[in-house]
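What follows is each chain in one-letter form.
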Amino acid sequence: MAFSIKNSINFFSKLTLKRTWNMGKVYGSFYLSKWKKKPIQWGLPFSISVEPTTYCNLRCPECPSGLREFTRDTGMLNVDFFQTIIDQMHRELVYLTFYFQGEPYLHKDFLKMVSYAVSKKIYTATSTNAHYLTEANAKKTIESGLDRLIISIDGTTQDTYQQYRIGGKLEKVIQGAKNIVHWKKEMKSSTPHIIFQFLVVKPNEHQIADLRKLAKEIGVDEVILKTAQVYEYKNGNPLIPEDEKYSRYKKLGDGTYSIKNTLENSCWKLWHSCVITWDGKVVPCCFDKDAQYQLGDLKTKSFKEIWQSPTYIDFRGKLVRSRKEIDICTNCSEGCEVNFSLDVS
């Protein structure tokens, strides 16, 4: 609990009057849009995801990066371009996630970008498969000021882990976590808040108790159990857990599956956040993995122009009128994705 309090205090320390006022406008316009059933947008996003790279060392079966099946361009985010983006947005921005697709630590200047965002007093987070958390990178991570580090660990034995994290080595994940914990203590740093994230699927759901024990032994701050998105679910999928509370899908009387989400004609993500790809495309959310719905290009327009553009307004309008007509929304977890936090104190 103490670690959660420290993390919360750290997050709220990033708030300024301008950022708080902006958040209030965003919240107000979202609820007004739900009430009036038309897209009303005040303020600018206070949470964004930026993609350092599309490349990954693993071959996870439900990931375009792992499958090497992108239809969009792949590459690495230019550091100067990143700084230009942050210079445009930092006055309103509170939370920055360095992740969309790919493994962030494959970008040689990833931690330089973290340091730049930290210098603007933005809360920074990333998600990693931890294969590159060497002693040197762990120390640099602490030095960068990163606020939140999510380590994906989807099994407590190599046999289970590799069923989803294809090509991965559990021993590297565990050692990477130990390296981060070591340097955090060595440097007497309160950050990053270290999380073990466990994507619950059928092959690993029996290892949840073992995960909690492992996390406690290593000294991570928190364990989060995350429900998994699968693309082919209607007729069942070998990844769907037996325990339905850990699933985004429910089994129907005829043996088929449907998503738990009722797909209400509203989406909080479209009001408070967005995703920026490595090459500067602005897309609505993390479900648009192939950037089908490009709402603007930061290489040709400012973010504010894009956020308030007719294209963005039209997309929000389609969502509040009939969300089911937008294909990336049909397998969306908004309303049915549940993350369970385990106490490791």
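Residues numbered from 1 in each chain as written. Predicted model: local features only at pLDDT ≥ 70, side-chain atom pairs only at ≥ 80, totals over all residues. Heavy atoms only, no water.

1. Brief notes about the overall build of the chain
Thinking step 1. Across its full length, the chain holds 12 helices and 12 strands.
Thinking step 2. Scored against the burial criterion, the 345 residues of the chain give a buried share of 57%.
Thinking step 3. In the chain, of all internal contacts separated by at least 6 residues, the share reaching a separation of at least 24 is 68%.
Thinking step 4. Taking the average location of the 49 positive side-chain charges in the chain and that of its 38 negative ones, the two points are 5 Å from each other. (Helix = DSSP H or I, 4+ residues; strand = E, 2+ residues; numbered from the N terminus. Buried < 20%, exposed > 50% of the residue type's maximum accessible area, 1.4 Å probe, protein only. Contact = heavy atoms within 4.5 Å. Lys, Arg positive; Asp, Glu negative; His and termini not counted. Charge placed at Lys NZ, Arg CZ, Asp CG, Glu CD.)

2. What to know about the side chain of arginine 316
Thinking step 1. Among the structural elements, arginine 316 can be located in helix α12 (residues 310-322).
Thinking step 2. Within polar-contact distance, the side chain of arginine 316 engages the backbone oxygen of leucine 270 at 3.2 Å.
Thinking step 3. If sequence neighbours within four positions are ignored, arginine 316 has contacts with Pro39, Gln41, Leu270, Trp271 and Trp307. (Polar contact = N/O pair within 3.5 Å; in protein donor to acceptor, adjacent residues only side chain to side chain.)

3. Section: the pairing of strand β1 (residues 47-50)
Thinking step 1. The two faces of β1 match: Ser47 and Ser49 on one face and Ile48 and Val50 on the other face are all buried.
Thinking step 2. Bridge count for β1 against strand β2 (residues 95-98) is 4 bridges, and the pairing is parallel. Its bridge partner lying in β2, valine 50 is registered against phenylalanine 98.
Thinking step 3. Relative to strand β9 (residues 273-276), β1 runs parallel, the two sharing 4 bridges. Bridge pairing in β9 places serine 49 opposite valine 275. (Pairing = 2+ DSSP bridges.)

4. Some details on the pairing of strand β5 (residues 193-200)
Thinking step 1. With 8 of its 8 residues buried, β5 lies for the most part within the structure.
Thinking step 2. Here β5 shows two buried faces, one formed by His193, Ile195, Gln197 and Leu199 and the other by Ile194, Phe196, Phe198 and Val200.
Thinking step 3. Relative to β5, strand β4 (residues 148-152) runs parallel, the two being bridged by 5 bridges. Of the residues in β5, the one forming a bridge with arginine 148 is histidine 193.
Thinking step 4. Strand direction decides the pairing type here: β5 and strand β6 (residues 222-227), joined by 6 bridges, are parallel. Opposite phenylalanine 198, over in β6, you have leucine 225 as the bridge partner.
Thinking step 5. Running through helix α9 (residues 208-218), the crossover from β5 to the neighbouring parallel element β6 is right-handed. (Right-handed = clockwise from strand over helix to strand, strands pointing away.)

5. Side note on the nonpolar core
Thinking step 1. Phe82, Leu96, Ile151, Phe196 and Ile276 are the most contacted members of the largest nonpolar core, which totals 94 residues.
Thinking step 2. It is helix α8 (residues 170-186) that provides the largest number of residues to this core, a total of 7 residues.
Thinking step 3. Those residues in contact with phenylalanine 82, other than ones at most four positions away along the chain, are Val50, Leu77, Leu96, Phe98, Met113, Tyr116 and Ala117. (Core = buried A, V, L, I, M, F, W, Y, C linked by side-chain atoms within 4.5 Å.)

6. Quick look at the environment of asparagine 179
Thinking step 1. Structurally, asparagine 179 can be placed in helix α8.
Thinking step 2. Taking the C-alpha atoms as reference points, asparagine 179 and asparagine 137, separated by 42 residues in sequence, lie 8.8 Å from one another.
Thinking step 3. For asparagine 179, the residues in contact, after removing those within four places along its chain, are Leu133, Thr134, Glu135 and Ala138.
Thinking step 4. A polar contact of 2.8 Å, which involves the side chain of asparagine 179, links it to the backbone oxygen of leucine 133.

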